[in-house]
Amino acid sequence: WQTLSDRINNVAPSATLAVDAKAKAMKAAGLDVIGFGAGEPNFPTPDYVVDAAAAACRDPKNYKYTPTPGLPELREAIAAKTLRDSGYEVTPEQVVVTNGGKQAVYSTFQVLLNDGDEVIIPTPYWTSYPEAVKLAGGKPVLVFAGGERGFEPDLAALEAARTPHTKAIIVNSPNNPTGAVWSPDTIRAIAQWAIDHHIWIISDEIYEHLNYDDAKTTYIGAAVPECRDQLIVLNGVAKTYAMPGWRVGWLIAPLPVAKAAAKLQGHMTSNVANVSQRAAIAAVSGSLEVVHAMREAFDVRRRAIVAALNDIDGVTCPTPTGAFYAFADVTGLLNRPLGENGTVSSSSSELSAALLDEAHVAAVPGEAFGAPGYLRFSYALADDQLAEGMRRFKQWASR
Ligand code: PLP
């Protein structure tokens, strides 16, 4: 439509939100849909966090705007939490509290990129990265790594993609959509390569506490301290503390970048909702016990879903060791009749639509993550739902 800007016309809608919205609409219409679409923990926000928010609601000091980069107590708590979890020191002034991790991603690219600057995005990628880069005038450069190498970036491929315009690289481990936790060697190699070529590192650590088996999140700023002057860390409470709707995230950056992000926020959103920030203080300064309990529950589901997916003829799913996603290769289901109607899908996108329409199972197609031929299943749903969803998928795919 001619009235809209080229900038917004060039942006793809969020496919993950679209699948989730369609599944929710079908549910609202009375259909029994099993949703593997959304990256939303099904647990309630912990009581002590809700209590802190409820108390904050009754305190008139929280009816005001907060400072743009966040409540000083929250920025301090985030700095303390970063030292506790990631093992390195940052000052509260380096922290900018944002409306979810999503705004931290958006603001980072707005303040870093000039028109034509390139950002290397290891692929499969989280669906919002390329769009946030484009919205800032930048050019996403996608570098794919498949299931056969555990979805782990290959340094030679990154180097082959580097040009004089390369400004930044994204690191996202544990990863959405693959659930991969990149090895310490890979993380260190990326840091050294970025240092050598003066490339910004944007490390999205939002799934930091969701590790399984022997996997452990390697924090790039702790592993290679020399990269900290060119490192921006993104994080938030959504996944770790089951708080997606509270909309609290943050970025941690060298001071000039943090100040620039706060300047931008001053014109965009002023600040994150005061009550949500009070809740986030309780979350990040509380113990990790509740987080570990959620991780145990996710781990049981992870094993169940990987076994169930690999039990379907035509589906292959490597075992993920992080986050709450299983990323399954479904190329074996393409171009053959499936379900009662004998529906033939020629792409994972068509397959996901047919699976939702016919079996009432929602999963996000790999196209949303730059990886056609895959489906992403979020296993952040109840055990019985997971079992029923997998039963339906298998039955539909076996016809
Ligand atoms: N980064 C990654 C990798 C994500 O998967 C998400 C959410 O799906 C976010 C950032 C943003 O989360 P939020 O904006 O809910 O804090």
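About the criteria used
- Residues numbered from 1 in each chain as written.
- Predicted model: local features only at pLDDT ≥ 70, side-chain atom pairs only at ≥ 80, totals over all residues.
- Helix = DSSP H or I, 4+ residues; strand = E, 2+ residues; numbered from the N terminus.
- Contact = placed C-beta atoms within 7 Å.
- Buried ≥ 20, exposed ≤ 12 C-beta atoms within 10 Å, placed from the backbone.
- Pairing = 2+ DSSP bridges.
- Right-handed = clockwise from strand over helix to strand, strands pointing away.
- Core = buried A, V, L, I, M, F, W, Y, C linked by C-beta atoms within 7 Å.
- Domains from an automatic or database assignment.
- Axes fitted to C-alpha atoms, helices over the stretch in contact; angles between N-to-C directions.
- Nonpolar A, V, L, I, M, F, W, Y, C, P; charged D, E, K, R; others polar.
- Near = placed C-beta within 6 Å.
- Expected span 1.5 Å × (residues − 1).
- Arc of directions from axis to C-beta.

1. Considerations on the overall build of the protein chain
Next up, step 1: For the protein chain, the count of helices and strands is 14 helices and 12 strands.
Next up, step 2: The principal-axis extents of the C-alpha atoms in the protein chain amount to approximately 60 × 55 × 55 Å.
Next up, step 3: Within the protein chain, residue pairs in contact and separated by at least 24 positions form 72% of the contacts whose partners lie at least 6 positions apart.

2. Focus: the pairing of strand S6 (residues 200-204)
Next up, step 1: Within S6, five of the five residues are buried, which leaves the element mostly enclosed by the surrounding structure.
Next up, step 2: Along S6, one buried face is formed by Trp 200, Ile 202 and Asp 204 and the opposite face, lined by Ile 201 and Ser 203, is buried too.
Next up, step 3: Two elements, strand S5 (residues 166-171) and S6, share four bridges in a ladder whose sense is parallel. For Ile 170, the partnering residue across the bridge sits in S6 and is Ile 202.
Next up, step 4: What joins S5 to S6 is helix H8 (residues 184-196), and the crossover it makes is right-handed.
Next up, step 5: Direction of pairing for S6 relative to strand S7 (residues 231-236): parallel, over a ladder of four bridges. By the bridge assignment, Ser 203 is partnered in S7 with Val 233.

3. Points about the sheet that holds strand S12 (residues 374-378)
Next up, step 1: The three strands lie next to each other as S9-S12-S11, forming an open sheet whose pairing is antiparallel. Two strands in the sheet have a free side with no partner beyond their single neighbour: strand S9 (325-329) and strand S11 (364-365).
Next up, step 2: Sheet analysis places S9 next to S12, joined by five bridges and oriented antiparallel. Note on S12: the bridge partner recorded for Phe 327 is Arg 376.

4. Side note on the nonpolar core
Next up, step 1: Counting residues in each nonpolar core, the largest one holds 121 residues, and the members touching the most others are Ile 169, Ile 201 and Leu 251.
Next up, step 2: Looking at which domains feed residues into this core, each of domain 1 (6-44 + 290-398) and domain 2 (64-285) gives three or more.

5. Structural notes on the sheet that holds S5
Next up, step 1: Spatial strand order, S2-S8-S7-S6-S5-S3-S4: seven strands in an open sheet with mixed pairing. Sheet topology places strand S2 (95-98) and strand S4 (139-144) at the edges, where each strand pairs with a single neighbour. Averaged over all neighbouring strand pairs, the angle between strand axes comes to 20°, with direction disregarded.
Next up, step 2: Across six bridges, strand S3 (residues 118-123) lies against S4 in parallel orientation. Counted as the bridge partner of Thr 123 is Phe 144 from S4.
Next up, step 3: Packed onto the sheet, H8 meets S5 and S6 and runs at close to 165° relative to S5.

6. Topic: the domain arrangement of the protein chain
Next up, step 1: Each assigned domain of the protein chain is listed here: domain 1 (6-44 + 290-398) and domain 2 (64-285).
Next up, step 2: Every contact between the two is made by 34 residues of domain 1 and, on the other side, 31 residues of domain 2.
Next up, step 3: Within the residue set of the side of domain 1 that touches domain 2, elements represented by two or more residues are helix H2 (15-28), helix H12 (289-310) and S9.
Next up, step 4: When residues of the side of domain 1 that touches domain 2 are assigned to their parent elements, the largest contribution, six residues, is made by H12.
Next up, step 5: Across the side of domain 1 that touches domain 2, the residue classes break down as 19 nonpolar, eight polar and seven charged.

7. Remarks on unusual backbone geometry
Next up, step 1: In this chain, Thr 123 is followed by Pro 124 through a cis amide linkage whose omega measures 5°.
Next up, step 2: Its place among the elements puts Pro 124 in the loop between S3 and helix H6 (128-135).
Next up, step 3: With omega at -5°, the peptide bond leading from Ser 173 into Pro 174 counts as cis.
Next up, step 4: Not every positive phi belongs to a glycine, and Asp 213 is a case in point at roughly 55°.
Next up, step 5: Within the secondary structure, Asp 213 is located in the loop between S6 and helix H9 (220-223).
Next up, step 6: For Asp 213, a count of 13 C-beta atoms within 10 Å gives the class partly exposed.

8. Side note on the site of the ligand
Next up, step 1: The local shell around the ligand holds 13 residues, among which Gly 100, Gly 101, Lys 102, Gly 236 and Ala 238 are the closest.
Next up, step 2: The element contributing the most residues to the shell around the ligand is helix H5 (residues 100-112), with three residues.
Next up, step 3: Within the shell around the ligand, the residues separate by chemical class into four nonpolar, seven polar and two charged.

9. What to know about H2
Next up, step 1: Taking 1.5 Å as the rise per residue, H2 with 14 residues should run 20 Å; its terminal C-alpha atoms sit 20 Å apart, in good agreement.
Next up, step 2: Of the residues making up H2, those classed as buried are Ala 15, Thr 16, Val 19, Asp 20 and Ala 23. For H2, the buried positions fall inside an angular range of 140° around the axis, keeping them on one side. Seen from the open side of H2, the exposed residues pointing more than 90 degrees away from its buried face are Ala 25 and Ala 28.
Next up, step 3: Elements in contact with the buried residues of H2: strand S1 (34-35), helix H13 (348-359), strand S10 (361-362) and S11.
Next up, step 4: At the exit of H2 stands Gly 30, carrying a positive phi of roughly 100°.

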